[in-house]
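Residue-level structure breakdown
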Amino acid sequence: MGIFVKICGICSEGDLGQISALGPDAVGFIHWPDSKRFIEPKTVGRWDTPEGIKRVGVFVSPTEAELAHAAQHARLDVLQIHRIPDNWKLDLEIFQGLEVWRALNPDEMYFMDHGFAFDRYLLDAYDPVKVGGTGKTCDWAKAQTLIHSVQTPMLLAGGLTPENVAEAIAAVNPWGVDVSSGVEIEPGVKDIAKVAAFITACRNP
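All of the points below concern the structure found in this document. A quick note: this is a predicted structure, and the numbers were derived from the prediction, not measured.

**Looking at the overall build of the protein chain**
Scanning the protein chain from N- to C-terminus turns up 7 helices and 10 strands. The buried share of the protein chain, taken over its 205 residues, is 55%. Residue pairs at least 24 apart in sequence account for 53% of intrachain contacts in the protein chain once pairs closer than 6 positions are excluded. When the accessible surface of the protein chain is split by element, carbon and sulfur atoms take 49% of a total near 9500 Å².

This is the structure in structure tokens:
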């Protein structure tokens, strides 16, 4: 299998259809109300995606009830969670069949408690206000060290673009990559040509 490609921050059915036709491995929807890319789970639930493309819901410090609501209504395959305490727990019986990813910056991961078995980690840049979509790259050297030392597959995010993603893949060797602001016209509006160029750069480095 080649590198896993996720296109995140999709806010319209039109964008979703065009992006899905380009064949990414996953598409992401922001279910955090404070985000400029926020979309209601019930809205996402009315949109279809081709079989084989994972539907990822992105959350910030969510409650279990919020996750359950979104997972059901948005028809999610993956819960991607930002800003959670190390002792965080989840009743896996409620979310049986869903993957749970944790997003954090490389410095946080060096000191985290690995008590909960996440299916994937997503390494992103840190911003005290924004969560994802910052346009900033994370520390690639630290990310590479973590990827080589932790068995759980990791995605690289933060400041990726069609122009630098091949370099990032070569430098870090992640399991996957995740992009949002790097393929946008404005927050929540994707530049489909950039999305196509990004996927091409990942698949044909």
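**Regarding the pattern of salt bridges**
Under the criterion given, the structure shown has 6 salt bridges. The partner of Asp 48 in a salt bridge is Arg 75, with the nearest N and O atoms 3.0 Å apart. Residue Asp 48 is found in the loop between helix 2 (41–45) and strand 3 (54–60), and its partner Arg 75 is found in the loop between helix 3 (64–73) and strand 4 (78–82); the two are separated by 27 residues along the sequence. Using a relative accessible area of 60% as the deciding quantity, one classes Asp 48 as exposed. The class of Arg 75 is partly exposed, set by a relative accessible area of 38%. Its salt-bridge partner being Lys 54, residue Glu 99 comes within 3.0 Å of it at the nearest N-O pair. Residue Glu 99 is found in strand 5 (residues 99–104), and its partner Lys 54 is found in strand 3; the two are separated by 45 residues along the sequence. Owing to a relative accessible area of 27%, Lys 54 belongs among the partly exposed residues under this scheme. Each of Arg 37, Glu 184 and Lys 190 takes part in a single network of salt bridges with overlapping partners.

The rules behind each value
Residues numbered from 1 in each chain as written. Predicted model: local features only at pLDDT ≥ 70, side-chain atom pairs only at ≥ 80, totals over all residues. Heavy atoms only, no water. Helix = DSSP H or I, 4+ residues; strand = E, 2+ residues; numbered from the N terminus. Buried < 20%, exposed > 50% of the residue type's maximum accessible area, 1.4 Å probe, protein only. Contact = heavy atoms within 4.5 Å. Areas by Shrake-Rupley, 256 points an atom, 1.4 Å probe, with all protein chains shown as cover. Salt bridge = Lys/Arg side-chain N within 4 Å of Asp/Glu carboxyl O.

On their own, these measurements won't tell you what the molecule is for.
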